[in-house]
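One-letter residues, chain by chain:
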Amino acid sequence: MGILIADIVQVDTIKNEAGTITTKGVLQVASATKTDTFTTTSTSNVDVTGMTVATLTPRDANSKFLIFGGVEWANSASGHVDFIQIVRIISGGATTDIAINTDSGTSAHATACGLHQINYELTGSPFSFLDSPATASDVTYKLQGRAGGNTMVVNRRGDGVDQGGVSSITVMEIQG
């Protein structure tokens with residue numbers, strides 16, 4: 001057994017210990033890790049720079065994609081809610097917000113919402129979602145963010161002092 005570190009891993013055949021080819025499993029993995037800082041005052045979704053996963057070509061239209069990761073974030077003032085959204089882009093097709101709260105009583109639909117109660121404090125928000133895009137076309141996933149007030153800050157305290165973090169998004173193609 002060994003350790004493999006790569007941005008993209010594509011597998012054509014998966015065999016178990018007995019050498020039997022399995023028909024289900026992880027087909028490929030791609031990830032993006034952000035180690036620098038991103039800020040926005042936009043109240044509309046904007047791309048979080050460095051948080052777009054390389055384009056994946058599904059094995060077939062039955063493939064599913066497991067998306068997971070986490071965001072370290074803060075706000076420049078207390079009492080503001082910021083939002084993170086997973087977005088799916090299908091080559092030659094639609095761009096879709098996925099993994100969102102669809103409750104009709106909720107005014108802000110997002111993958112993750114962070115209420116920053118203490119001035120500037122950095123908090124972490126993990127996320128995971130199993131997507132079924134039903135396409136054999138290239139698929140790209142990315143994170144977008146928007147501020148609920150003042151400035152949303154990713155990977156750093158809201159006042160720019162002291163604490164820092166790392167954010168990431170990983171996508172695994174699972175054979176359907």
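Residues numbered from 1 in each chain as written. Predicted model: local features only at pLDDT ≥ 70, side-chain atom pairs only at ≥ 80, totals over all residues. Heavy atoms only, no water.

Undergrad: I keep staring at the nonpolar core and nothing clicks. Help me out?
TA: What tends to happen in soluble globular proteins is that the nonpolar side chains get buried as a cluster. In this structure, I67, I84, I86, Y141, L143 and I169 are the most contacted members of the largest nonpolar core, which totals 25 residues. At the level of elements, β2 (26-34), β4 (46-52), β5 (64-75), β6 (80-90), β10 (139-146), β11 (152-154) and β12 (167-174) are the ones that each hand at least two residues to this core. (Core = buried A, V, L, I, M, F, W, Y, C linked by side-chain atoms within 4.5 Å. Buried < 20%, exposed > 50% of the residue type's maximum accessible area, 1.4 Å probe, protein only. Helix = DSSP H or I, 4+ residues; strand = E, 2+ residues; numbered from the N terminus.)

Undergrad: What is the right way to look at the pairing of β10 in this model?
TA: On a regular strand, each side chain points to the face opposite its neighbour's, so the side chains alternate between the two faces of the sheet. The buried count for β10 comes to eight of eight residues, which makes it a mostly enclosed element. Here β10 shows no split at all, with V139, Y141, L143 and G145 on one side and T140, K142, Q144 and R146 on the other all buried. As judged from the three bridges shared by β4 and β10, these two strands associate in the antiparallel manner. Paired with D47 across the two strands is Q144, which belongs to β10. As paired elements, β6 and β10 share eight bridges and run antiparallel to each other. Residue I84 lies in a different strand from β10, and its bridge partner there is G145. (Pairing = 2+ DSSP bridges.)

Undergrad: Quick question: what am I supposed to make of the pattern of salt bridges here?
TA: If charged atoms from side chains of opposite charge come close, those side chains can pair. Per the stated rule, a full pass over the model turns up five salt bridges. The residue D47 makes a salt bridge to K142 at a minimum N-O spacing of 2.9 Å. Remark: K142 occurs in strand β10 and D47 occurs in strand β4; sequence separation between them is 95 residues. According to the relative accessible area criterion, D47 is partly exposed, its value standing at 37%. (Salt bridge = Lys/Arg side-chain N within 4 Å of Asp/Glu carboxyl O.)

Undergrad: What am I meant to see in the pairing of β5 here?
TA: Two elements, β5 and β12, share seven bridges in a ladder whose sense is antiparallel. Residue pairing across strands places F65 opposite E173, the latter belonging to β12. As paired elements, β5 and strand β9 (residues 123-131) share nine bridges and run antiparallel to each other. What sits directly across from L66, in β9, is L130. Taken together, the three bridges between β5 and β11 define a ladder with antiparallel strand orientation. When the sheet's bridge partners are listed, W73 is paired in β11 with V154.

Undergrad: Just checking my understanding: could you explain the side chain of K142 for this structure?
TA: According to the relative accessible area criterion, K142 is buried, its value standing at 12%. A distance of 2.9 Å separates the side chain of K142 from the side chain of D47, its partner in a polar contact. Setting aside residues up to four positions removed in sequence, K142 forms contacts with D47, M51, T52, Q85, I86, V87 and I89. (Polar contact = N/O pair within 3.5 Å; in protein donor to acceptor, adjacent residues only side chain to side chain. Contact = heavy atoms within 4.5 Å.)

Undergrad: Can you help me understand unusual backbone geometry in this one?
TA: Excluding glycine, residues mostly carry a negative phi; peptide bonds, for their part, are mostly trans. In this structure, A134 takes a positive phi of about 55 degrees despite not being glycine. By secondary structure assignment, the location of A134 is in the loop between β9 and β10. Residue classification places A134 among the exposed residues on the basis of a relative accessible area of 60%.

Undergrad: Is there a simple way to explain the packing of aromatic side chains in this structure?
TA: Centre distance and the angle of the planes are the two values used to describe a pair of aromatic rings. Applying the stated criterion across every chain yields a total of one aromatic pair. With a centroid separation of 5.8 Å and 50 degrees between ring planes, the pair formed by F65 and Y141 is classed as tilted. Linking F65 in strand β5 with Y141 in strand β10, this pair joins segments that are 76 residues apart in sequence. Just as F65 is buried, Y141 falls in that class too. In this structure, R146 is placed above the aromatic ring of F83, and the distance from its NZ or CZ to the ring centre is 4.3 Å. (Phe/Tyr/Trp six-rings, centres within 6.5 Å; stacked < 30°, edge-to-face > 60°. Lys NZ or Arg CZ within 6 Å of the ring centre and 35° of its normal.)

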